[in-house]
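Remarks on the overall topology
Residue-level listing of the chains:
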Amino acid sequence: MTAGGLRTQLGMSFLGVCGLLVLYILCLSLQTPVPGRMQTPGPAPQPRPHLASLGAVDTAAEHHDAPETPKPLKPPFIGDQYAQDDLEPLTNCPVGIRQRIMGTVFGERFLPQVPVLQWQGHVSPEQYQRLRRYPGAHGWGGVDFQTLEASLSVLNSSANRCLFDDWGSRGKGAACIRCAVVGNGGILRGSKKGQEIDQHDYVFRTNGAVIKGFEEDETRYVFLPDHDRDYILLRAAATHTPVDRGPERSKSPPPYFGEHVTAQKFKMYHPDFIRYLRNRFLRASVLKTKYRHLYRPSTGAVMLLAALHTCDQVSAYGFMTPDFRKYSDHYYDNTYRPVGFFINHDLHMEMSLWQQLHQAGLILLYMRQ
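Identification of the protein chain as alpha-N-acetylgalactosaminide alpha-2,6-sialyltransferase from Anguilla anguilla is taken from an unreviewed UniProt entry. In its Subcellular location (unreviewed entry) section, the UniProt record describing the protein chain reads: "Golgi apparatus membrane".

Defined simply, a disulfide is a covalent bond joining two cysteines at their sulfur atoms. Here the structure, examined in full by the defined rule, presents two disulfides. The side chain of Cys93 participates in a disulfide bridge whose partner is Cys176; the two sulfur atoms lie 2.0 Å from each other. Given an S-S torsion of about 80 degrees, the disulfide between Cys93 and Cys176 has right-handed geometry. With a gap of 83 residues between them, Cys93 in the loop between strand S6 (81-84) and helix H2 (97-101) and Cys176 in the loop between helix H6 (167-170) and strand S7 (178-182) connect regions that are remote in the sequence. Here the two residues Cys93 and Cys176 agree in accessibility, since each one is buried. Covalent S-S linkage joins Cys179 and Cys311, the inter-sulfur distance amounting to 2.1 Å. The sign of the -90 degrees torsion about the S-S bond sets the Cys179-Cys311 disulfide as left-handed.

A few words on the packing of aromatic side chains. Under the defined criterion, the tally for this structure stands at 20 aromatic pairs. Geometrically, the ring pair formed by Phe257 and Phe266 is edge-to-face, given 5.1 Å between the ring centres and 90 degrees between the ring planes. With a relative accessible area of 7%, Phe257 lands in the buried category. Overall, Phe266 belongs to the buried group, its relative accessible area being 0%. Put simply, the rings of Tyr82, Phe106, Tyr269, Phe273, Tyr276 and Phe281 pair up and form one aromatic cluster. Here the basic side chain of Arg170 rests over the ring of Tyr202, its NZ or CZ set 4.5 Å away from the ring centre. We note Arg275 situated over the ring of Tyr134; from NZ or CZ to the ring centre the distance is 4.1 Å.

This part covers unusual backbone geometry. Positive phi, close to 60 degrees, is recorded for Lys192, a residue that is not glycine. Residue class for Lys192 comes out exposed when judged on its relative accessible area of 77%. One non-glycine residue, His240, adopts positive backbone phi at about 55 degrees. Secondary-structure assignment places His240 in the loop between helix H8 (228-239) and strand S11 (266-268). For His240, a relative accessible area of 34% corresponds to the partly exposed category.

With that out of the way, let us pick up the confidence of the model for the protein chain. Here the protein chain averages 82 in pLDDT, while 76% of its residues score no lower than 70. Note on residues 1-6: pLDDT is under 50 here. Beyond four places in sequence and across chains, it has 21 contacts.

Our focus in this paragraph is helix H10 (residues 299-310). Residues separated by three or four positions in an α-helix point in the same direction, a consequence of the helix having 3.6 residues per turn. Taking 1.5 Å of rise per residue, 12 residues should cover 16 Å, and H10 covers 16 Å from first to last C-alpha, within 8% of that figure. Most of H10 is tucked away: 11 of the 12 residues are buried. Here H10 has its buried residues at Thr299, Gly300, Ala301, Val302, Met303, Leu304, Leu305, Ala306, Ala307, Leu308 and His309.

What counts, and where the lines are drawn
Residues numbered from 1 in each chain as written. Predicted model: local features only at pLDDT ≥ 70, side-chain atom pairs only at ≥ 80, totals over all residues. Heavy atoms only, no water. UniProt positions renumbered as here; feature names shortened; annotations may be inferred. Disulfide = S-S within 2.5 Å. Helix = DSSP H or I, 4+ residues; strand = E, 2+ residues; numbered from the N terminus. Buried < 20%, exposed > 50% of the residue type's maximum accessible area, 1.4 Å probe, protein only. Phe/Tyr/Trp six-rings, centres within 6.5 Å; stacked < 30°, edge-to-face > 60°. Lys NZ or Arg CZ within 6 Å of the ring centre and 35° of its normal. pLDDT = per-residue confidence, 0-100. Contact = heavy atoms within 4.5 Å. Expected span 1.5 Å × (residues − 1).

And the structure:
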């Protein structure tokens, strides 16, 4: 597909155990790029995170592979309690998702103030004690406080805190933020949807999104942290210094993002957001088994649901649909490869969720029927 010169891209891909969204915005555990001209923002005001006590919402769906365990899931593992951000919406879109979602079946699940991104202002000993109880992408378990503090200290501006940090300088009074979220599904091959995708204000991509040829677009990188290695890599990339420890240890700065990327181009998902998505939108039955520690929403799912929480209008391309067996796993496969199913993601449940969101009018899902 082509890329318009004013479109910002966001993206997401995996490096080691990292997940990365590129917001053309890009995400690291990597996500998709978003187009637009960026201004160097000054320090953002300190947020006032606080907790909202919320009852657990059971959205479990049948899982096809995981063995069951007779022991009930303990509420502390779910942790359906989240920080709240004080960010105001960037638009007053009269037909935006926030205006419509409360009148749908998703209204009781949706938390408009849950923090999508984490930055320097979220780090405190109190928040660390709360989030260290949750492992992997769902908390700060496995990340020591010094590493966390040092890594998030580079995310210290309003650009790191806001997904669409350039909207004020290029929105031109537009009433609504229109986002295209592009997965890698084989349904895209031969779809001729490139020009349509380019008409959106922001384009999200995942898993090694192609950057060459998109130089006129502004690219952001959004990390989906799943391990302390992600925090270490983020700091090295943002400061142009070698990775000082771990499997990615190096003698030179990480090459993934180019020589001229600045710290303002990096963002990182908040673990409360990932846990909230798991608990309220994709609570798979594998969480009731001994394999629960392996499960989280896929990077593509996180990317699409991040768009749902930040954009006014969302169109989704390249995501799995009920006729997925007709298409190869990826649009770039030269020979047919069936979709693989593993215990770490519940792709059937995700597919069902996309259908429900489409039927509710909250996203426009590309289907070829």
